[in-house]
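Structure assessment
This is what each chain is made of:
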Amino acid sequence: MKAVIWTSYGPPEVLKVRDIARPEPKEHDVVVKVAVSNVFPGDCELRRLDMDFPWSLLVRTFCGLRAPKPDAILGQEYAGEVVAVGSAVKRFKIGDRVFGATERLTRGSYAEYVVTSGKTVVTLPENVSFDEAAVATVGGLNALDFLAIAGIAEGGPVKRLLIVGAGGSIGTMAVQIAKAFGAHVTVVDTTHKLKRLLDLGADRAVDFTAEDFTRDGELYDVVIDIVGRNVTGRNSLLRTLKAVKRGGTLVLGNPPFSHVLLRLVAGPFTGKKVRFALARYRIGELRRLKGLLRSGQVRPVIDRRFALDDVVAAHRYVETGQRVGNVVLVISGSGAHAASAV
Ligand SMILES: NC(=O)c1ccc[n+]([C@@H]2O[C@H](COP(=O)([O-])OP(=O)(O)OC[C@H]3O[C@@H](n4cnc5c(N)ncnc54)[C@H](OP(=O)(O)O)[C@@H]3O)[C@@H](O)[C@H]2O)c1
């Protein structure tokens, strides 16, 4: 099968399109022919491995110490069609349209086929396209997780929520899900992304290149910080906490390790909760996301599409910061109309 091999830690050019053996299912496995994947910013971070210690050590432990494991493939989410099932599989049959999250960091979806044990894959509603589903998965699951940690739920009390870094894969989903749950949502991102975020339902927008949300006097029940690293400059965790009401919650979606430690003291001393969210992809949440997609309460935001052969250009584009929402990687023609960047 054709796949993008992650040959070393470094710039986009370390990604090479090659032919490798197609994976075979075991008894409980399902093989999916991938129609589309998403160039998730987290893929770029893994590829570059430019994160703080000990996150970098953790990645090396799972993905390969000096270089990614042989035939390592990036890609954390996908949509496509079931083409083979193991003898014990009852939930899926050949021909089912499905979407899901991959199970191992080095066995990703930038490839014509993925094998899944079924833990994080569900059938696709008829009214949702492969593109929409593929880009909704990781962003949507993280968004649901962050909101649950912050106590924002359907039918719960109306809460004032601030999302820092709302214009990306996780944020564009979090804005819509939070609105569907009845929250009052303020977003923080860069100038050219704010109109799109207001169109998605955000109540208020703050341009971080011109304004400082920690000094404008507004207080929130919940702040979800998806950017993490130095979002408000030095000591950003303590400054960001200023925007949280007493008794409120700060959710750290992408913290440097120092903040994971600092939160243990910062919370108790300020009378605010500081929670660290670590991605957990569960079937129950994926079914919930499927319901939100089917009902049209959330519409994934697609910025551009690139063909598999243009994966290097796709990674470069994601790293420019121009994108709002997601960049689709078209793997096999099915369900997709275009090949090159559009
Ligand atoms: N906790 C977990 O388990 C978990 C799971 C998955 C992902 N993550 C991490 O979460 C992070 C965010 O994910 P994502 O996919 O949503 O990223 P993303 O698509 O890059 O979104 C981040 C957004 O924040 C904006 N931004 C940058 N600096 C900012 C600032 N100072 N203030 C406000 N906004 C700012 C970015 O703009 P520009 O593009 O212009 O920079 C971008 O629009 C990634 O680093 C990813 O690795 C964590």
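Throughout this document, residue positions are counted from 1 along each chain, in the order its sequence is written. Local features in this predicted model are restricted to residues of pLDDT 70 or higher, and side-chain atom pairs are both shown and tallied only at a pLDDT of 80 or more, whereas totals for entire chains, interfaces and linings draw on every residue. Computation of side-chain values: all heavy atoms of the structure, hydrogens and water removed.

A separate point is the overall build of the protein. The helix and strand inventory of the protein stands at nine helices and 15 strands. We take the radius of gyration over the C-alpha atoms and set the globule estimate at 2.2 Å times the residue count to the 0.38 power. Computed over its C-alpha atoms, the radius of gyration of the protein comes to 20 Å, within 12% of the 20 Å expected for a compact globule of 342 residues. Buried means the residue's accessible area, taken with a 1.4 Å probe over protein chains only, is under 20% of the maximum for its type, while exposed means over 50%, and partly exposed covers the values in between. Buried residues in the protein amount to 54% of all 342 residues. Here the analysis covers contacts within the protein between residues at least 6 apart in sequence; of these, 74% occur between residues at least 24 apart. Here the open area of atoms and residues is found with the Shrake-Rupley method and a 1.4 Å probe, where only the protein chains shown may cover a residue. Element-wise, carbon and sulfur atoms account for 53% of the exposed surface of the protein, whose accessible area totals about 14500 Å². Charge assignment in this entry is limited to Lys and Arg as positive and Asp and Glu as negative, and neither His nor the chain termini are counted. Charge positions are represented by NZ for Lys, CZ for Arg, CG for Asp and CD for Glu. Across the protein, 47 positive and 35 negative side-chain charges occur, with their mean positions spaced 5 Å apart. Here a helix means four or more residues in a row that DSSP labels H or I, a strand means two or more in a row labelled E, and each is numbered from the N terminus. In this description, contact between two residues means that some pair of their heavy atoms is separated by no more than 4.5 Å.

Think of it this way: a Phe, Tyr or Trp ring, Trp meaning its six-membered ring, pairs with another when their centres are within 6.5 Å, and the plane angle makes it stacked under 30 degrees, edge-to-face over 60, tilted otherwise. A full pass over the atoms with the stated rule returns four aromatic pairs. On the basis of an interplanar angle of 35° and a centroid distance of 5.9 Å, the ring pair of tryptophan 55 and phenylalanine 276 is categorised as tilted. Separated by 221 residues along the polypeptide, tryptophan 55 in helix α2 (residues 55–63) and phenylalanine 276 in strand β13 (residues 273–276) bring together distant segments of the chain. On the basis of relative accessibility, which here comes to 23%, the residue phenylalanine 276 falls in the partly exposed class. Measuring from ring centre to ring centre gives 6.0 Å for phenylalanine 306 and tyrosine 317, while their planes differ by 40°; the resulting arrangement is tilted. A residue pair is termed long-range when its members are at least 10 positions apart, and phenylalanine 306 in strand β14 (residues 302–307) and tyrosine 317 in helix α9 (residues 311–318) qualify at eleven residues. Exposure class is identical for phenylalanine 306 and tyrosine 317. Each is buried.

Being paired, for any two strands, means DSSP has found at least two bridges between them. In space, the six strands of this open sheet follow the order β10-β9-β8-β11-β12-β13, with parallel pairing throughout. Two strands lie at the open edges of the sheet, namely β10 (204–207) and β13, each paired on one side alone. Across the sheet, the mean angle separating the axes of adjacent strands is 15° when strand polarity is ignored. Structural elements are reduced to axes, namely lines fitted to C-alpha atoms, with helices fitted over the stretch in contact, and the angle between N-to-C directions of any two is expressed from 0 to 180 degrees. Sheet strands touched by helix α7 (residues 257–270): β12 (244–252) and β13. Its angle to β13, the strand with the most contacts, is close to 160°.

Here the focus is the site of the ligand. Consider each residue's heavy atoms; a residue with any of them within 4 Å of a molecule or strand counts as near. Near the ligand there are 25 residues, and of these Glu45, Gly253, Asn254, Ala277 and Ala279 occur at the shortest range. Glutamate 45 is positioned such that a nitrogen or oxygen atom in its side chain is 2.5 Å from an oxygen atom of the ligand. Any N or O atom pair separated by 3.5 Å or less is treated as a polar contact, with the protein-specific requirement of one donor-capable and one acceptor-capable atom, and with residues adjacent in sequence counted only for side-chain atom pairs. Interatomic distance of 2.6 Å between a backbone N/O atom of glycine 253 and a nitrogen atom of the ligand. For the ligand, whose unbound accessible area comes to 920 Å², protein coverage reaches 83%. Sorting the residues of the shell around the ligand by element identifies α1 (41–48), α4 (169–180) and β9 (184–189) as the ones contributing at least two each. Among the residues making up the shell around the ligand, the classes are represented as twelve nonpolar, nine polar and four charged. Polarity classes work like this: nonpolar for Ala, Val, Leu, Ile, Met, Phe, Trp, Tyr, Cys and Pro, charged for Asp, Glu, Lys and Arg, and polar for all others, with Gly in that last group.

As a per-residue measure, pLDDT tells how confident the predictor is, with possible values from 0 to 100. Overall, the predicted model of the protein reaches an average pLDDT of 93, with 95% of residues at or above 70. Throughout residues 334–342 the model reports pLDDT below 50, and contacts reaching past four residues in sequence, or to other chains, amount to 21 contacts.

In this section: the pattern of salt bridges. Salt bridges are defined as contacts in which a side-chain nitrogen from Lys or Arg sits within 4 Å of a carboxyl oxygen from Asp or Glu. Enumeration over the complete set of coordinates arrives at 18 salt bridges. One salt bridge in this structure joins lysine 2 and aspartate 309, with 3.2 Å as the shortest N-O distance. Of this pair, lysine 2 sits in strand β1 (residues 2–6) while aspartate 309 sits in the loop between β14 and α9, and the two are 307 residues apart along the sequence. A salt bridge links arginine 48 to glutamate 319; its shortest N-O distance comes to 2.5 Å. Of this pair, arginine 48 sits in helix α1 while glutamate 319 sits in the loop between α9 and β15 (326–330), and the two are 271 residues apart along the sequence. Among the ionic contacts, a cluster of salt bridges with common partners joins Arg47, Arg48, Asp50 and Glu319.

Attention now moves to the state of the cysteines. Our working definition of a disulfide is a cysteine sulfur pair at a distance within 2.5 Å. All chains considered together, the criterion is met by zero disulfides. Cysteine 44 takes part in no disulfide bond, and the closest cysteine sulfur to it belongs to cysteine 63, at a distance of 14 Å. Overall, cysteine 44 belongs to the buried group, its relative accessible area being 1%.

Our next topic: the nonpolar core. Grouped together as the largest cluster of nonpolar side chains are 51 residues, with contacts concentrated most on Phe99, Leu161 and Val175. Looking at this core element by element, the count peaks at eleven residues for helix α3 (residues 130–149). Not counting chain neighbours up to four residues away, the residues in contact with leucine 161 comprise Leu147, Ile152, Ala178, His184, Val185, Thr186, Tyr220, Val222 and Ile224. Nonpolar cores are built from buried Ala, Val, Leu, Ile, Met, Phe, Trp, Tyr and Cys residues. Side-chain atoms within 4.5 Å join them into one set.

Before going further, it helps to spend a moment on the environment of valine 85. Structurally, valine 85 can be placed in strand β4 (residues 77–85). Judged by relative accessible area, which is 28%, valine 85 ranks as partly exposed. Ignoring any residue separated from it by four or fewer positions in sequence, one finds valine 85 in contact with Asp29, Val30, Phe92 and Lys93.

When you line up the elements, alanine 180 lands in helix α4. In this structure alanine 180 comes out as partly exposed when scored by relative accessible area, which is 26%.

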